[in-house]
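Analysis of the macromolecular model
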Amino acid sequence: MTATRTRARFRDLVAAEWIKLWSLRSTYGVLAAGALICVGITTNSARSNVALIARSASPLQRIGIDPMIAAFAQEAFQILGIVAGSVGAIMIFGEYTSGLIRTTFTAVPARRSVVLAKVVVMTAVMTAFGGLVSATSFGVTQAIYHQEHIGLSITAPGALRAVAASALLAPVCALVGMALGALIRHAAGTIVAAIGVLVLAPALFQGETYRWVKEIGNAMVYSAWRALVENPAHQILTVPGRPSPGGPTEKYPVTITEAWIVFTAWTVAAVVTAVVTVNRRDP
């Protein structure tokens, strides 16, 4: 009697990757800590601004405050991106460092299907994670600003876009982390590379002296995210004679359309890199 090999269905691979992800205790801890830190930073920023407004002798003495930018403080969402990128990287290099990848590929020789299953799970989890953090940050900070009657609703110009972009930032960063994990396959090296690509690189290409330098910066994930969050139509309190919170007009800015294209391009490039790298390096 000849034994027949049953081919694994894709939904079975997704279920297996889901179990792998949540079987790690670090997954719960990292996501919970990241969410609390991110929301904590934005909440503290809003409370500090409200306290500053309350101490103002008159509206003319109020320092410029944009409720939308404060709801999505860059420092907070840089941490969110690092957390997401780290979890995405662990999903790849974790199996290589533990040796579990041999068992996985022995059971399922279709490398591309395995990686795509990881992509599906990571995208779903991180979209939910990013959506929770983004919506909570917006809701809590605007409730605080409502005390001074400057809180924004989700129907305010650009509000829904900012919430959606901040939610999608998590899966984009996670997939970039997965791609780097497939390329480097070393814990420390992958995490450092993720921080460099996601956080440090945009800061290095922010000069406006040369357009090509700025355009490289515009193609970075966080530059696109910032363009989707910032909106000059927001209600802003300013001091007469002082520059607005955004400062002078930016040269070579990222348009809304370009920002969404950058998000999409990084997502596609990350998935293709992870799939091709694993398939070619693991014959």
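Our structure is the block above this text.
Residues numbered from 1 in each chain as written. Predicted model: local features only at pLDDT ≥ 70, side-chain atom pairs only at ≥ 80, totals over all residues. Heavy atoms only, no water.

1. Digging into the overall build of the protein chain
Along its length, the protein chain carries 11 helices and 0 strands. Counted from the first residue to the last, the protein chain has its helices and strands arranged as α-α-α-α-α-α-α-α-α-α-α. For the protein chain, with 283 residues in total, the buried portion stands at 45%. Contacts in the protein chain between residues at least 24 apart in sequence constitute 83% of all its contacts with a sequence separation of at least 6. (Helix = DSSP H or I, 4+ residues; strand = E, 2+ residues; numbered from the N terminus. Buried < 20%, exposed > 50% of the residue type's maximum accessible area, 1.4 Å probe, protein only. Contact = heavy atoms within 4.5 Å.)

2. Some remarks on helix 1 (residues 10-23)
Because an α-helix completes one turn every 3.6 residues, residues spaced three or four positions apart along the sequence face the same direction. The terminal C-alpha atoms of helix 1 lie 20 Å apart, and with 14 residues this matches the ideal 20 Å at 1.5 Å per residue to within 8%. Residues Leu13, Glu17 and Leu21 constitute the buried set of helix 1. Down the axis of helix 1, the buried set is contained in an arc of 75 degrees. They therefore lie on one face. Exposed and facing more than 90 degrees away from the buried side of helix 1 are Arg11, Ile19 and Ser23. (Expected span 1.5 Å × (residues − 1). Arc of directions from axis to C-beta.)

3. Comments concerning the pattern of salt bridges
If you walk through the whole model with that rule in mind, you get 5 salt bridges. Across the pair Glu95 and Lys118 runs a salt bridge whose closest N-O atoms are separated by 2.1 Å. Of the two residues, Glu95 sits in helix 4 (residues 74-98) while Lys118 sits in helix 6 (residues 111-145), which places them 23 residues apart along the sequence. (Salt bridge = Lys/Arg side-chain N within 4 Å of Asp/Glu carboxyl O.)

4. As for helix 9 (residues 211-218)
Of all the positions in helix 9, only Val213, Lys214, Gly217 and Asn218 are classed as buried. One side of helix 9 holds all its buried residues, which, seen down the axis, span an arc of 140 degrees. Those residues of helix 9 that are buried are in contact with helix 10 (221-229) and helix 11 (256-281).

5. A word on the packing of aromatic side chains
Applying the stated criterion across every chain, the model contains 7 aromatic pairs. Look at Phe72 and Phe77: their rings are 5.5 Å apart centre to centre, the planes differ by 55 degrees, and that puts the pair in the tilted class. Assigned by exposure class, Phe72 and Phe77 land together as buried. Here the aromatic cluster, defined as three or more aromatic residues joined through ring pairs, consists of Phe72, Phe77, Phe138, Tyr222 and Trp225. (Phe/Tyr/Trp six-rings, centres within 6.5 Å; stacked < 30°, edge-to-face > 60°.)

6. Some remarks on the nonpolar core
By size, the foremost hydrophobic cluster in this structure holds 69 residues, and its most contacted members are Phe72, Phe77, Met126, Phe129, Leu169 and Trp225. Of all the elements, helix 7 (residues 159-184) adds the most residues to this core, at 15 residues. The residues contacting Phe129, other than those within four sequence positions of it, are Leu31, Gly34, Ala35, Leu80, Val83 and Ala170. Among the nonpolar cores identified, the runner-up in size contains 7 residues, and Val50, Ala70, Ile144 and Tyr145 belong to it. (Core = buried A, V, L, I, M, F, W, Y, C linked by side-chain atoms within 4.5 Å.)

7. Topic: unusual backbone geometry
Of note in this structure, Arg185 is not a glycine but carries a positive phi near 60 degrees. Residue position: Arg185 is located in the loop between helix 7 and helix 8 (187-204).

That is the geometry; function is a separate question.
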